[in-house]
Amino acid sequence: MSRLKLNTPIIMLHHIANQPHSSLEKWCISHEKFLELLNCIEQKGLQTTTFQEIVERKLNRSDLANKVIISFDDCPATLFDFAIPELIKRGMKAVFYMPTEHIDGVNTWDIKEYGMISVELMNVTQLKKLVALGMEVGSHGEKHIKLDTVTYNVAYADIVNSKYTLEKLLEHPTYSFAYPYGKVPMQHEQMLKKAGYKFGLSIYTSLESNFTLRRFAINEGDDRNAINLKLSKRYQMMRSLYDPLFLLLNKLLSKAF
Ligand SMILES: [Zn+2]
């Protein structure tokens with residue numbers, strides 16, 4: 001598996017809540033939308049998996065043909081209210097990305113930079129519970145910083161220390177890393193490999209590899225057709241063409257203004 005690029009669809013979620021604070025709306029879907037997503041997954045005959053399962057069970061291309069990965073960034077504690085019980089009820093798995101310096105803390109990075117409301121994040125007991133439930137806990141860095149704006153040493157320390165912290169707390173290997181803000185640093189592959197990760201998750205990326213896997217968000221405005229499209233191979237192909245153009249356009253626009 002390690003030499004082949006993973007082509008499993010990867011969903012990126014943050015908050016699941018009804019009537020969230022307005023500052024969280026962009027990063028939140030309702031209970032109803034979450035259920036619609038899970039229903040679409042089931043109706044398409046897809047099964048959820050995790051990076052941990054892919055590595056530990058040595059899943060190959062054919063094992064992965066009907067798989068999907070659900071990922072949650074930042075680990076808001078409220079996921080235990082609705083989303084996690086619903087996953088358990090359906091026998092589904094997901095991957096939860098925790099910024100380790102913020103365990104049992106709040107989303108200070110969002111509050112400082114974007115004026116967002118304070119959100120309680122998971123504590124050690126909750127992270128351990130996820131592991132006991134067969135879910136995967138991955139690293140979202142230590143501090144939740146933009147790793148493409150800091151030196152190699154700072155980025156590498158954030159990547160390797162967060163892995164060390166999670167492994168010590170959860171007594172389990174950490175296989176995957178989700179770049180905070182989807183910001184991929186230079187030499188990311190070398191850094192992740194050196195730290196011992198098997199997979200790295202981005203959002204938009206011009207060139208996808210197992211260390212810059214693309215993810216797609218599900219938004220409140222996505223109807224059933226949009227969700228089904230996002231879960232399809234066709235959408236993955238569209239993204240492989242669209243992402244390089246999107247990133248180039250963003251770069252040109254940021255230089256122009
Ligand atoms: Zn994040």
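Structure's up top.
The present account deals with the structure reproduced in this document. Please read these numbers as outputs of a predicted model, since none were measured by experiment.

1. Describing the overall build of the protein
Per the secondary structure count, the protein includes nine helices and 10 strands. In terms of overall dimensions, the protein is globule-like: its C-alpha atoms have a radius of gyration of 17 Å, near the 18 Å expected for 257 residues. Principal-axis analysis of the C-alpha atoms places the extent of the protein at approximately 45 × 40 × 40 Å. The buried share of the protein, taken over its 257 residues, is 38%. Long-range contacts, defined here as pairs at least 24 residues apart, represent 65% of the contacts in the protein between residues at least 6 apart.

2. Focus on helix α7 (residues 188-195)
Every buried residue of α7 is listed here: H188, M191 and L192. The buried residues of α7 occupy an angular sector of 95° when the element is viewed end-on, so they sit on one face. In this structure, α7 carries Q190 and K194 as exposed residues pointing more than 90 degrees from its buried face. Considering only its buried residues, α7 is in contact with α6 (152-170), β8 (176-178) and β9 (199-201). Positive backbone phi, at 100°, marks G196, one or two positions downstream of α7.

3. Focus: unusual backbone geometry
Look at Q19: it is not a glycine, yet its phi comes out positive at around 50°. As for its position among the elements, Q19 is in the loop between β2 (15-16) and β3 (28-29). Even without being a glycine, D74 presents a positive backbone phi close to 80°. Among the secondary structure elements, D74 is positioned in the loop between β5 (67-73) and α3 (83-89). Judged by the 24 C-beta atoms lying within 10 Å of it, D74 is buried.

4. Topic: the environment of I111
Relative to the helices and strands, I111 resides in helix α4 (residues 108-114). Residue classification places I111 among the partly exposed positions, given that 14 C-beta atoms sit within 10 Å. Separated by 88 residues in the primary sequence, I111 and S23 have C-alpha atoms spaced 9.7 Å apart. Excluding its chain neighbours within four sequence positions, the residues that come into contact with I111 are M116 and S118.

5. Points about the pairing of strand β6 (residues 95-98)
Burial along β6 is two-sided: the residues V95 and Y97 and F96 and M98 are all buried. Pairing between β5 and β6: three bridges, direction parallel. Following the sheet pairing, F72 is matched in β6 by F96. Each parallel crossover has a hand, and the one from β5 via α3 to β6 is right-handed.

6. Some thoughts on the environment of H188
Tracing the backbone shows H188 in helix α7. Look at H188 and you get buried, because 23 C-beta atoms sit within 10 Å. A C-alpha to C-alpha distance of 23 Å links H188 and C75, two positions 113 residues apart in sequence. Ignoring sequence-local partners within four residues, the contact set of H188 consists of G200, F211 and T212.

Cut-offs applied
- Residues numbered from 1 in each chain as written.
- Predicted model: local features only at pLDDT ≥ 70, side-chain atom pairs only at ≥ 80, totals over all residues.
- Helix = DSSP H or I, 4+ residues; strand = E, 2+ residues; numbered from the N terminus.
- Rg over C-alpha atoms; globule rule 2.2 N^0.38 Å.
- Buried ≥ 20, exposed ≤ 12 C-beta atoms within 10 Å, placed from the backbone.
- Contact = placed C-beta atoms within 7 Å.
- Arc of directions from axis to C-beta.
- Pairing = 2+ DSSP bridges.
- Right-handed = clockwise from strand over helix to strand, strands pointing away.

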